[in-house]
Amino acid sequence: MSRLAEFFGQKIKVINLGIPGFAEDLKKQGIENIHTEWRPPAGGNKKIQALLARVDAWQSQVKAAKGAR
Amino acid sequence: MLIDIQEANAKALSAIQAAQPVIKGIDTALAVVPGMNKNLILHAGPPITWEKMSGPLKGAVIGGMIYEGLAASPAEAEKMAAAGKVQFAPWHEHDGVGPMAGVATASMPVWIIENKTNGRRTFCTLNEGLGKVLRYGAFSQEVIDRLKWMEATLGPVLKAALELAPEINMKNLIAQALQMGDEVHNRNKAGTSLLIRELAPAILKTTFPQADKVRVLEFLHSNDHFFLNLSMPAAKAMLQAAEWVEGSTIVTTMARNGTEFGIRVAGLKDRWFTAPAAIVKGLLFPGFEEKDCNPDIGDSAITETCGLGGFSMAAAPAIVKFVGGTVSDAMNFTRKMYEITDGESQSFQIPNMDFRGAPTGINILKVCEKNILPQINTGIAHKDAGVGQVGAGLVNPPMKCFEDALEAYVEKYCQN
């Protein structure tokens, strides 16, 4: 038996990230799953992601400088 | 700059938690509000010019000018306002708050709230009740007559009663109101009842004529929202304690003038971040449609900024009959607000969430990163001056306010 066929013969274990509708559809088909709420940082807004990254980088520097004292 | 944001925010949150707002008394705005003068008209929300004001705010300005004797007619008031003969300023820049249009003039009696922890004071006018009222932009003779009665009788009677009553701690009163099904923004039934319990014996002890005392008590009894004009300056006093903690990303103000929504942040002293105010979605009174609604208006979102109102909707399941949605929605709104706040109130507990503290300390970094906006519940004003309230509902601030604040924060602090 190929590994692929072996895979499809197994009980499916699903972790769903983000869109709850996917988890609900699987549940309706009797497939157990765990749903985790997730959304891209800043709703995917690249400008805001870059600003938040700058804050993170600055805070890492601050913590490092404080640690070095 | 060696600023640890977590430490700065912990300092801001700690100041909010430590605040002890008490009712200090009542006096005219001219006597107690910093920077007040006869020609100054205070309003809700961020700064705005006469030209950009919405219908209800313009109406309230006209009514305020007639009440104050600055103009003899609506036409004269409009002409003077357009010609720059009166000054306008946000309540928030004078240590106060005003519901809906939020207009206050020099002679109006105002509540004085004092934070016993730092000695600072906040102010708010007295609530006029429902129907044709100034805060919704009405300026007919009955509105002016009621304001005159509030100046001549309601204010003085309550002022005298407060001098005879034991000190009223607003944090205690709000905490009790939350246990009794209020969220102290759009449901103030319990808070108003508790206030009447505190004040009624003292009102009876004053030397005012019996008829005045009866009318004052009847006025308080007839207005479920009377407490709102106390919960707001109490919330303002708590948040004022976090102004202006260097480096903090905690929101200290959310306010609307009917045209724009504005926020201020502890670490970005005095700066407003504004964007067009949204239309409130909710339950409209019979006969009104969405096209009748004015955009979001009022300083009452100070309650949400402090973890009350929409943030504590789980404490007030009955409110969904007024603002729309279901009880599960109310619970979910509160749960979601924990994701964008840095702490939980040590004073305001939500009984049906196992007495969990209300979500407190909105952090702009969390709002931006999680893309979750603060949840506000609010009254809806008719877009035309003087019509009044047309419903109540739910609304969020524009994300742009928080994004612009983040950008300004990075410019100010991040040198990397």
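Quick caveat: nothing in here was measured; it's all calculated off a predicted structure.

**As for the environment of Val-367 of chain B**
All names here are of chain B.
Right, on to step 1. Note on placement: Val-367 falls in helix α13 (residues 364–370).
Right, on to step 2. Exposure remark for Val-367: the relative accessible area of 0% places this residue in the buried category.
Right, on to step 3. In this structure the C-alpha to C-alpha distance between Val-367 and Thr-341, which are 26 residues apart in sequence, comes to 8.5 Å.
Right, on to step 4. Non-local contacts of Val-367, meaning those with residues more than four positions away in its chain, are made with Ile-340, Ile-362, Ile-372, Leu-373, Pro-374, Met-399 and Phe-402.

**Topic: the sheet that holds strand β5 (residues 121–125) of chain B**
Residues and elements named next belong to chain B.
Right, on to step 1. A sheet is described by the order of its strands in space; here three strands give the open sequence β1-β4-β5, paired in antiparallel fashion. A strand with exactly one partner marks an edge of an open sheet, and here the two such strands are β1 (21–28) and β5. Here the strands of the sheet are splayed against their neighbours by 30 degrees on average, with no regard to which way each runs.
Right, on to step 2. By the bridge criterion, five bridges tie strand β4 (residues 109–115) to β5 in an arrangement that is antiparallel. Across the sheet, the residue bridging to Trp-111 is Cys-124, located in β5.

**Here's the deal with the domain arrangement of chain A**
Right, on to step 1. Looking at the assigned domains, one finds that chain A contains domain 1 (1–38) and domain 2 (41–69).
Right, on to step 2. A separation of 35 Å is found between the C-alpha centroids of domain 1 of chain A and domain 2 of chain A.

**Focus: the pattern of salt bridges**
Right, on to step 1. Evaluated as defined, the whole model comprises 23 salt bridges over all chains.
Right, on to step 2. In this structure, Lys-47 of chain A engages Glu-407 of chain B in a salt bridge whose closest nitrogen and oxygen atoms are separated by 3.0 Å. Taken together, the positions of Lys-47 of chain A in helix α3 (residues 46–68) and Glu-407 of chain B in helix α14 (residues 399–413) put the pair across two chains.
Right, on to step 3. Note that Glu-290 of chain B is salt-bridged to Lys-281 of chain B, the shortest N-O span being 3.1 Å.
Right, on to step 4. Among the residues examined, Glu-290 of chain B registers a relative accessible area of 44% and is labelled partly exposed.
Right, on to step 5. The class for Lys-281 of chain B is partly exposed, based on a relative accessible area of 49%.
Right, on to step 6. Because the salt bridges share partners, they merge into one network encompassing Asp-95, Arg-120, Lys-236, Glu-243 and Arg-264 of chain B.

**Topic: the nonpolar core**
All names here are of chain B.
Right, on to step 1. Grouped together as the largest cluster of nonpolar side chains are 145 residues, with contacts concentrated most on Leu-154, Leu-158, Ile-174, Ile-263 and Phe-402.
Right, on to step 2. With 10 residues, the top contributor of residues to this core is helix α5 (residues 141–164).
Right, on to step 3. Beyond its immediate sequence surroundings of up to four residues, Ile-263 is in contact with Val-251, Thr-253, Met-254, Arg-271, Trp-272, Phe-273, Ile-364, Cys-401, Phe-402 and Ala-405.

**Some points on the packing of helix α7 (residues 189–205) of chain B against helix α8 (residues 210–221) of chain B**
Residues and elements named next belong to chain B.
Right, on to step 1. Following both chains from N to C, one finds α7 and α8 inclined at 175 degrees, their axes separated by 10 Å at the closest point. Overall, the two elements α7 and α8 adopt an arrangement that is roughly antiparallel. Side by side, α7 and α8 meet where Thr-192, Ile-196, Ala-200, Ile-203 and Leu-204 of the first sit next to Lys-213, Val-216, Leu-217, Leu-220 and His-221 of the second.

**A closer look at the confidence of the model for chain B**
Right, on to step 1. Looking at chain B as a whole, its pLDDT mean stands at 97, while 100% of the residues score no less than 70.
Right, on to step 2. Here the complex is predicted with pTM 0.94, and the ipTM for its interfaces comes to 0.92.

**A short note on α8 of chain B**
Residue and element names in this part refer to chain B.
Right, on to step 1. For α8, with 12 residues, the first-to-last C-alpha span of 16 Å sits near the 16 Å given by 1.5 Å per residue.
Right, on to step 2. Regarding α8, the residues found buried are Lys-213, Val-216, Phe-219 and Leu-220. Mapping the buried residues of α8 onto a view down its axis gives an arc of 125 degrees, with all of them on the same face. Looking at α8, the residues exposed on the side facing more than 90 degrees away from the buried face are Gln-210, Ala-211, Glu-218 and His-221.
Right, on to step 3. On its buried face, α8 is in contact with α5 and α7.

**Some remarks on a nonpolar patch on the surface**
Residues and elements named next belong to chain A.
Right, on to step 1. A cluster of nonpolar side chains, Ile-15, Leu-17, Ile-34 and Trp-38, forms an exposed patch at the surface whose accessible area comes to about 480 Å².
Right, on to step 2. As for its placement among the helices and strands, Ile-34 is situated in strand β2 (residues 33–36).
Right, on to step 3. On the basis of relative accessible area, Ile-34 is assigned to the exposed category, the value being 55%.

**Let's talk about the pairing of strand β12 (residues 356–362) of chain B**
Residues and elements named next belong to chain B.
Right, on to step 1. With six of seven residues buried, β12 is to be regarded as a mostly interior element.
Right, on to step 2. Here strand β11 (residues 341–350) pairs with β12 via five bridges, running antiparallel. Bridging across to β12, Glu-344 finds its partner in Pro-359.
Right, on to step 3. Between the end of β11 and the start of β12, which pair antiparallel, lie five residues, with Asp-354 showing a positive phi angle near 55 degrees.

The rules behind these values
- Counting restarts for each chain: residues are numbered from 1 in the order of the written sequence.
- Chain A is the first chain written and ligand 1 is the first ligand written, with later ones labelled in order.
- Given that this is a predicted model, residues contribute local features only at a pLDDT of at least 70 and side-chain atom pairs are listed and counted only at 80 or more, while totals for whole chains, interfaces and linings are drawn from all residues.
- Each side-chain value is derived from all of the structure's non-hydrogen atoms; neither hydrogens nor water enter the calculation.
- Elements are defined by DSSP. Helices are runs of H or I of four residues or more, strands are runs of E of two residues or more, and each kind is numbered from the N terminus.
- For every residue, the accessible area obtained with a 1.4 Å probe (protein chains only) is divided by the maximum for its type, and the residue is called buried under 20%, exposed over 50%, and partly exposed between those limits.
- Throughout, a contact is declared for two residues whenever any of their heavy atoms are within 4.5 Å.
- DSSP calls a pair of strands paired once it identifies at least 2 bridges connecting them.
- As a rule, the C-alpha atoms of each element are fitted with a line to give its axis, helices using only the stretch in contact, and angles between N-to-C directions run from 0 to 180 degrees.
- Residue ranges for the domains originate in an automatic or database domain assignment.
- One side-chain nitrogen of Lys or Arg within 4 Å of one carboxyl oxygen of Asp or Glu is enough to make a salt bridge.
- Nine residue types can take part in a nonpolar core, namely buried Ala, Val, Leu, Ile, Met, Phe, Trp, Tyr and Cys, and a core is a set of them joined through side-chain atoms within 4.5 Å.
- Each angle is binned into one of four classes, with values under 35 degrees roughly parallel, values over 145 roughly antiparallel, values of 65 to 115 roughly perpendicular, and all other values oblique.
- pLDDT expresses how confident the predictor is about each individual residue, on a scale running from 0 to 100.
- What a helix is expected to span follows from its residue count: subtract one and scale by 1.5 Å.
- This arc corresponds to the set of directions leading from the helix axis out to the C-beta atoms.
- Candidate patch residues must exceed 30% relative accessible area and have no salt bridge, after which like charges are joined if within 9 Å and Val, Leu, Ile, Met, Phe, Trp or Tyr side chains if within 5 Å.
- Accessibility throughout is a Shrake-Rupley quantity obtained with a 1.4 Å probe, and a residue counts as covered only by protein chains that appear here.

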